[in-house]
Amino acid sequence: MTMTLEFPVLLRLIDERSTAFRAAVASAPSLDVQVPTCPEWTLFDLAQHIGEGRRAWAATVAAGPAPAKSAAEGASAAPQEREALLAWLAESTEQLLDALRKAGPDRGCWAWWETLQSPHTSGAVARHQLQQMAVHTYDAQITVGAPQPLPDEVALDGVDEFLSTCVATTSAWPHKPAVIDFHASEGRSWRLSLSADGARTARLPGPGTIPATAAGQDPDAAAAFFSARGTASELVLSLYDRIPVDSLKLDGDRRIFQQLSAWDPDE
């Protein structure tokens, strides 16, 4: 796993994004307003998801290595009244941060992803929790009409984290072998390789420095190629289906990205 943010920085940023999330909830005209990027949810539903999810992950981290995710025992329900809800959300974040601090970055714990490129450790959980808070903060902000880009350091780690945690797998890619390059305008690039061996990601030295053909492939059997360019925030938000891929500068066969979005390796 490529860690671009140190553990204390991850914890600080989780706290910052959680504060920004609560600020959006506090400014909403109503908790019943629909979330445009999660249309099946109201803002209250989103807040409930955030609070309950952080408490469950706090319990999971505290439990250490385990065969399944832990439940937050004795957890209080999300209050309907706004001020009480905001206090409950703050407590939920603190429970998660406290569990992570006590565990440290290297302790094992349950996680749902494959360990191909992201381990089952509290450090990897902290990294993923930061992205969950960042994207859901964007959801809350767009709900109140004040969307903000993800902070640069969050988004730059977010592209790598999504590809190595949410995409990397040993499950066979069911289509023609393919390569997708992601280029952030802040100066970082990543390559996602898709084949019968699964999906793997790697950092690239920079745009245009490595040919599109997969390493060791015969040139006549070159993988299909697609690239996406944008800010790191735009890349993360497109990977999480918060903004359309057409918001990015695209090159190559865009069907590959559509296939990736529709792919469920567990099926």
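Residues numbered from 1 in each chain as written. Predicted model: local features only at pLDDT ≥ 70, side-chain atom pairs only at ≥ 80, totals over all residues. Heavy atoms only, no water.

Colleague: Explain the overall build of the protein to me, using residue names and the numbers behind them.
Modeller: Of the regular secondary structure elements, the protein holds seven helices and seven strands. Ordered by position from the N terminus, the helices and strands of the protein form the series α-β-β-α-α-α-α-β-β-β-β-α-β-α. For 267 residues, the compact-globule estimate of 2.2 N^0.38 gives 18 Å, and the protein sits close to it at 19 Å. Here the protein holds 267 residues, and 49% of them are scored as buried. (Helix = DSSP H or I, 4+ residues; strand = E, 2+ residues; numbered from the N terminus. Rg over C-alpha atoms; globule rule 2.2 N^0.38 Å. Buried < 20%, exposed > 50% of the residue type's maximum accessible area, 1.4 Å probe, protein only.)

Colleague: Run through the nonpolar core, naming residues and quoting values.
Modeller: Counting residues in hydrophobic clusters, the biggest one holds 58 residues, and the most contacted among them are F182, L192 and L194. Of all hydrophobic cores here, the second largest spans 19 residues; its members include F21, F44, L46 and M133. (Core = buried A, V, L, I, M, F, W, Y, C linked by side-chain atoms within 4.5 Å.)

Colleague: Before we move on, could you go through the pairing of strand β2 (residues 38-42) and cite the residues and values that matter?
Modeller: Bridge count for strand β1 (residues 34-35) against β2 is two bridges, and the pairing is antiparallel. Residue Q34 lies in a different strand from β2, and its bridge partner there is T42. Connecting the antiparallel pair β1 and β2 is a turn made up of two residues. (Pairing = 2+ DSSP bridges.)

Colleague: Talk me through unusual backbone geometry; I want residue IDs and the actual numbers.
Modeller: In most cases, non-glycine residues show a negative phi, while peptide bonds are predominantly trans. For D241, which is not glycine, the phi torsion reads 60° and is therefore positive. Note that D241 resides in the loop between α6 (232-239) and β7 (249-252). The exposure class of D241 is exposed, given its relative accessible area of 57%.

Colleague: So what's going on with the packing of helix α1 (residues 7-27) against helix α4 (residues 122-143)? Which residues, and what values?
Modeller: At a closest axis distance of 9 Å, the pairing of α1 and α4 adopts a crossing angle of 20°. As the angle between them shows, α1 and α4 are arranged roughly parallel. Seen from above, α1 lies across α4 with left-handed handedness. Listed contacts from α4 to F7, L10, L11, L13, I14, R17, S18, A20, F21 and A24 of α1 are S122, G123, A126, R127, Q129, L130, M133, A134, H136, T137, A140 and Q141. Across the contact of α1 with α4, the residue classes break down as 13 nonpolar, seven polar and two charged. (Axes fitted to C-alpha atoms, helices over the stretch in contact; angles between N-to-C directions. Parallel < 35°, antiparallel > 145°, perpendicular 65-115°, else oblique. Left-handed = near helix turned anticlockwise from the far one by under 90°. Contact = heavy atoms within 4.5 Å. Nonpolar A, V, L, I, M, F, W, Y, C, P; charged D, E, K, R; others polar.)

Colleague: Can you break down α6 residue by residue, with the values?
Modeller: Across the eight residues of α6, seven count as buried, placing the element largely inside the fold. Every buried residue of α6 is listed here: A232, S233, L235, V236, L237, S238 and L239. Contacts made by the buried residues of α6 are with α4, α5 (152-167), β3 (178-184), β4 (189-195), β6 (224-230) and α7 (255-262). At the exit of α6 stands D241, carrying a positive phi of roughly 60°.

Colleague: Describe the sheet that holds β6, with residues and values.
Modeller: Across the sheet, which stays open at both edges, the five strands sit in the order β5-β4-β3-β6-β7 with mixed pairing between neighbours. The open sheet has two edge strands with one neighbour each: β5 (198-204) and β7. For this sheet, the mean inter-axis angle between neighbouring strands, taken without regard to orientation, is 15°. In terms of strand pairing, β4 meets β5 through seven bridges, oriented antiparallel. Across the sheet, the residue bridging to S193 is R200, located in β5.

Colleague: Describe the environment of E91, with residues and values.
Modeller: The topology assignment puts E91 in helix α3 (residues 82-103). A relative accessible area of 41% places E91 in the partly exposed class. C-alpha of E91 to C-alpha of L156: the two residues are 65 residues apart in sequence and 28 Å apart in space.

Colleague: Can you tell me about the layout of surface pockets, naming the residues and giving the values?
Modeller: In this structure, the largest pocket encloses a volume near 580 Å³. Around the largest pocket, the lining is made up of 23 residues, and of these F162, C166, V167, W263 and P265 lie nearest the centre. Elements with a minimum of two residues in the lining of the largest pocket: α4, α5, α6 and α7. Looking at the lining of the largest pocket, the element that brings in the most residues is α5, giving four residues. In terms of residue class, the lining of the largest pocket is built from 12 nonpolar, six polar and five charged. (1 Å grid on protein atoms, 1.4 Å probe; cavity = no way out; pocket = protein on both sides within 12 Å on 5 of 7 lines; lining within 4 Å. Points joined across faces, edges and corners; volume = space filled by probe spheres on them.)

Colleague: Requested: an account of the pairing of β4, with residues and values cited.
Modeller: Burial analysis of β4 places five of its seven residues in the buried class, the great majority of the element. In the sheet, β3 pairs with β4 via six bridges, with the strands oriented antiparallel. Within β4, the position partnered with A178 by the bridge is L194. Counted along the chain from β3 to the antiparallel partner β4, the turn is four residues long, and its residue G187 has a positive phi close to 115°. Hairpin connection, β4 to β5: the antiparallel pair is bridged by two residues.

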